[in-house]
Amino acid sequence: MFSAAFRPFFLGAALWSAAAVPAWLLSFSGRAALPGTLAPFIWHAHEMVFGFAFAAVAGFLLTAIPNWTGRLPLRGARLAALAGLWLAGRIALLLSAPLGPHAAAAIDLAFPVALIAVVAHELIAGRNWRNLPMLAALALLLCGSLLVHLQAIGGTYTALLGNRVGIATLLMLIALIGGRIVPSFTRNWLVKHRPGGTLPAPTGPLDLAALAITFAALAAWVVSPGGEVTPWLAFAASLALGLRLARWRGQATLGEPLLFVLHAGYAWLVFGFALLGLSGVVPLVPHSAAVHALTVGAIGTMTLAVMTRATLGHGGQPLTASRATVLIYLLVTLAALLRIAAPMAGGAFLALTWAAAAAWSGAFLLFAVSYRGLLLGRDRFDTSQNVYPSKPLGYPHK
């Protein structure tokens, strides 16, 4: 399992995501108590961002970096140690009351520090300067988690800010990396399956403007989620990202769910920012609905889209979606829709939230079960001899 980074981190992310949401709901509904020092809703947000999503980011980056740098992947004891640090952080946060907040913080923050060191070493050794901004994203995730821990230690009220920093960083990564891989994968697929047809538009000024507007909207939301300018920047980001997405020929990929889901994940960004804008000017639209459109919708869908594709590609399997994979995508979509509807459902809030949690956990459990052979290393490639499929994810080495 420690022959490639996507294996332990994707498996860990899926299992932890499936377990942590119902654990939070049991606490939220008064049926159980979490043995930690963080308030349940703060722990929930922290573990979805800095537990589940951070593991998925680590699996993606450490799997992609060899393609970017031409260096051998992190593997073996070093990879096992890094995955162990992530797991220790999850246990420490869950048991932070008996451990103490200082010890829990030290254990949990060891993983992002170690990951930053590993990624920095690989990018610098491979002279891959183009992807050095990934270090800034990882540093922001570290800072966001630190802000949550500072509140647990006492004396500050920075947990909500820290969680917003984490969410905003993940959304910016989706906007940035999604803007590379979605049109690239779509172009490759169209050239093979529909030669001579219209291809996704190349990167241009609109793409750069969309990223700049998205960054401004996220920064405004992090600093002042209820500020007067935040809704209008969110509307602008929604429009710019929508125009960007419309140029990528997503409608032509309906026949291949493994590819179309990437467009759907990016579309959740467009919808989420639109809801974020509406929540600031229309009282009937709750802020939490917008946040869950961006988290459950955009982050959840894009994470599963990348994890399924990367696992198939690096496991030497055809890049096509099975019925189980399609069901995974449908379940996470259902989870997002139910979670958005829940705060507007009055007395049915808790029932819809439980239903959303069941769909969410079902999607990630189904991923873990359906892909268990590939995640445990039972594929047809001899990873002990560094034999990997050529550019399995389809993106350029640069």
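Residues numbered from 1 in each chain as written. Predicted model: local features only at pLDDT ≥ 70, side-chain atom pairs only at ≥ 80, totals over all residues. Heavy atoms only, no water.

Undergrad: Kindly report on the packing of helix α6 (residues 133–153) against helix α7 (residues 159–193), identifying the contributing residues and their values.
TA: As a packed pair, α6 and α7 sit with axes 7 Å apart at the nearest point and diverge in direction by 160°. One way to sum up the angle between α6 and α7 is to call them roughly antiparallel. Between α6 and α7 lies a crossing whose hand is left-handed. On α7, the residues touching Met134, Ala137, Leu140, Leu141, Gly144, Leu147, Val148 and Gln151 of α6 are Ala159, Leu161, Gly162, Asn163, Val165, Gly166, Thr169, Leu170, Leu173, Leu176 and Ile177. Residues of the contact of α6 with α7, tallied by class, amount to 13 nonpolar, 6 polar and no charged. (Axes fitted to C-alpha atoms, helices over the stretch in contact; angles between N-to-C directions. Helix = DSSP H or I, 4+ residues; strand = E, 2+ residues; numbered from the N terminus. Parallel < 35°, antiparallel > 145°, perpendicular 65-115°, else oblique. Left-handed = near helix turned anticlockwise from the far one by under 90°. Contact = heavy atoms within 4.5 Å. Nonpolar A, V, L, I, M, F, W, Y, C, P; charged D, E, K, R; others polar.)

Undergrad: Give me the lowdown on the nonpolar core, citing residues and values where you can.
TA: Ranked by internal contacts, the top residues of the largest apolar core, which has 127 residues, are Phe9, Leu269 and Phe273. Sorting elements by how many residues they give to this core places helix α2 (residues 40–69) first, with 18 residues. Excluding its chain neighbours within four sequence positions, the residues that come into contact with Phe273 are Thr214, Ala217, Leu218, Ala234, Phe235, Ala237, Ser238, Leu241 and Leu294. (Core = buried A, V, L, I, M, F, W, Y, C linked by side-chain atoms within 4.5 Å. Buried < 20%, exposed > 50% of the residue type's maximum accessible area, 1.4 Å probe, protein only.)

Undergrad: Can you explain the layout of surface pockets? Please cite residues and give values.
TA: Estimates place the volume of the largest pocket at around 760 Å³. Forming the walls of the largest pocket are 32 residues, and the residues nearest its centre are His44, Ala45, Val291, His292 and Thr295. If you list the elements that add at least two residues to the lining of the largest pocket, you get α1 (6–28), α2, α7, α11 (287–314), α12 (323–341) and α13 (349–370). Classifying every residue of the lining of the largest pocket gives 23 nonpolar, 7 polar and 2 charged. (1 Å grid on protein atoms, 1.4 Å probe; cavity = no way out; pocket = protein on both sides within 12 Å on 5 of 7 lines; lining within 4 Å. Points joined across faces, edges and corners; volume = space filled by probe spheres on them.)

Undergrad: Outline α6, listing residues and values.
TA: End to end, α6 covers 30 Å across 21 residues, agreeing with the expected 30 Å (1.5 Å per residue, within 8%). When we look at burial in α6, the residues that qualify are Met134, Leu135, Ala137, Leu138, Leu141, Leu142, Gly144, Ser145, Val148 and His149. (Expected span 1.5 Å × (residues − 1).)

Undergrad: Please set out unusual backbone geometry residue by residue, giving values where relevant.
TA: Not every positive phi belongs to a glycine, and Arg127 is a case in point at roughly 55°. Mapping Arg127 onto the fold places it in the loop between α5 (101–125) and α6.

Undergrad: Outline empty space enclosed by the protein, listing residues and values.
TA: Tallied over the entire structure, the rule returns 6 cavities of 30 Å³ or more. Listing elements by their share of the lining of the largest cavity, those giving two or more residues are α2, α7 and α11. No other element matches α7, which puts 6 residues into the lining of the largest cavity. Of the residues assigned to the lining of the largest cavity, the class counts are 14 nonpolar, 2 polar and no charged. Here the second largest cavity defines a volume of roughly 50 Å³. Lining the second largest cavity we find Phe50, Phe54, Arg90, Asp108, Leu109, Phe111, Pro112 and Ser145. At the level of elements, α2 and α5 are the ones that each hand at least two residues to the lining of the second largest cavity. When its residues are assigned to classes, the lining of the second largest cavity shows 5 nonpolar, 1 polar and 2 charged.

Undergrad: Go over the packing of α2 against α6 with me, naming the residues and quoting the values.
TA: Here α2 crosses α6 at 160°, and the two axes come no closer than 11 Å. Considered as vectors, α2 and α6 are oriented roughly antiparallel to each other. Between α2 and α6 the crossing geometry is left-handed. Side by side, α2 and α6 meet where Ile42, His46, Phe50, Phe54, Val57, Leu61 and Trp68 of the first sit next to Met134, Leu138, Leu141, Gly144, Ser145, Val148, His149 and Gln151 of the second.

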